[in-house]
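# Examination of the molecular architecture
Next come the chains, spelled out residue by residue.
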Amino acid sequence: MPPVKDSGTGPAGAPVHPEARWTIKEAAERSGVSAKMLRHYEQLGLLPPVARTEAGYRLYGEREVHLLRFIRRARDLGFSMAEITELLALWRNRRRASAQVKRIAQTHIADLDRRLAEMQAMRRTLAELADCCRGDDRPDCPILDDLAEGGSR
């Protein structure tokens, strides 16, 4: 691993933490987040500035990897980036009210329920159209007819 600056800060004033020891590739592997997404999360401000080596390479510690795991889990549950930003702020705030977190989760559940209902309706419509299609060598096709009509049947 490249040597870490001993001045206390890296480029752009980012602090060099003694525990910072993993490259971006290693932090990505440890957190389950790709290096590309890790950089993206940094750009969005979800991660604080990280330590850098003398050559400018990013170095990550357990704190950043833990934060990345939090973000990955929230993404796995389908939370938006705005929701994740809010959840991170609440997670960091030890005086938060759990009611705030629950409100975000319940709002997300309602959105998931709405999207599920929309997808089930799409599935029903498509299944009906597929049932109406003979699927033979003839050119007539109710699926294409419906698409061409914009679903106005």
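These numbers come from a predicted model, not from an experiment.

### Things to note about the overall build of the protein chain
Each helix and strand counted, the protein chain has six helices and two strands in total. When the helices and strands of the protein chain are listed from N to C terminus, the series reads α-α-β-β-α-α-α-α. In the protein chain, which comprises 153 residues, the proportion classed as buried is 26%. As presented, the protein chain carries roughly 10,400 Å² of accessible surface, and 54% of it is formed by carbon and sulfur atoms.

### With respect to the packing of aromatic side chains
Tallied over the entire structure, the rule returns one aromatic pair. When the ring of Phe-70 is compared with that of Trp-91, the centres are 4.4 Å apart and the planes differ by 15 degrees; the resulting orientation is stacked. You can see Phe-70 sitting in helix α3 (residues 62–76) and its partner Trp-91 sitting in helix α4 (residues 81–92), a full 21 residues away along the chain. The exposure class of Trp-91 is partly exposed, given its relative accessible area of 29%. Over the ring of Trp-22 we find Arg-21, and its NZ or CZ is 4.2 Å from the ring centre.

### Things to note about the pattern of salt bridges
Tallying each qualifying case throughout the model produces ten salt bridges. Among the salt bridges present, the one from Asp-136 reaches Arg-138, with a minimum N-O distance of 3.4 Å.

### Regarding the nonpolar core
By size, the foremost hydrophobic cluster in this structure holds 22 residues, and its most contacted members are Leu-38, Ile-71 and Ile-84. Counting only elements with at least two residues in this core, the list comes to α1 (24–31), α2 (35–44), α3 and α4. Here this core gets five residues from one element, more than from any other, and that element is α3. Once residues within four sequence positions are removed from consideration, Leu-38 is found in contact with Ile-24, Ala-27, Ala-28, Val-33, Leu-47, Tyr-60 and Leu-68.

### With respect to the packing of α1 against α2
Packing of α1 against α2 brings their axes to within 9 Å, and their N-to-C directions diverge by 100 degrees. In terms of axis orientation, α1 runs roughly perpendicular to α2. Here α1 contributes Ile-24, Ala-27 and Ala-28 to the contact with α2, which in turn contributes Ala-35, Leu-38 and Arg-39. Classifying every residue of the contact of α1 with α2 by side-chain character gives five nonpolar, no polar and one charged.

Cut-offs used in this document
- Residues numbered from 1 in each chain as written.
- Predicted model: local features only at pLDDT ≥ 70, side-chain atom pairs only at ≥ 80, totals over all residues.
- Heavy atoms only, no water.
- Helix = DSSP H or I, 4+ residues; strand = E, 2+ residues; numbered from the N terminus.
- Buried < 20%, exposed > 50% of the residue type's maximum accessible area, 1.4 Å probe, protein only.
- Areas by Shrake-Rupley, 256 points an atom, 1.4 Å probe, with all protein chains shown as cover.
- Phe/Tyr/Trp six-rings, centres within 6.5 Å; stacked < 30°, edge-to-face > 60°.
- Lys NZ or Arg CZ within 6 Å of the ring centre and 35° of its normal.
- Salt bridge = Lys/Arg side-chain N within 4 Å of Asp/Glu carboxyl O.
- Core = buried A, V, L, I, M, F, W, Y, C linked by side-chain atoms within 4.5 Å.
- Contact = heavy atoms within 4.5 Å.
- Axes fitted to C-alpha atoms, helices over the stretch in contact; angles between N-to-C directions.
- Parallel < 35°, antiparallel > 145°, perpendicular 65-115°, else oblique.
- Nonpolar A, V, L, I, M, F, W, Y, C, P; charged D, E, K, R; others polar.

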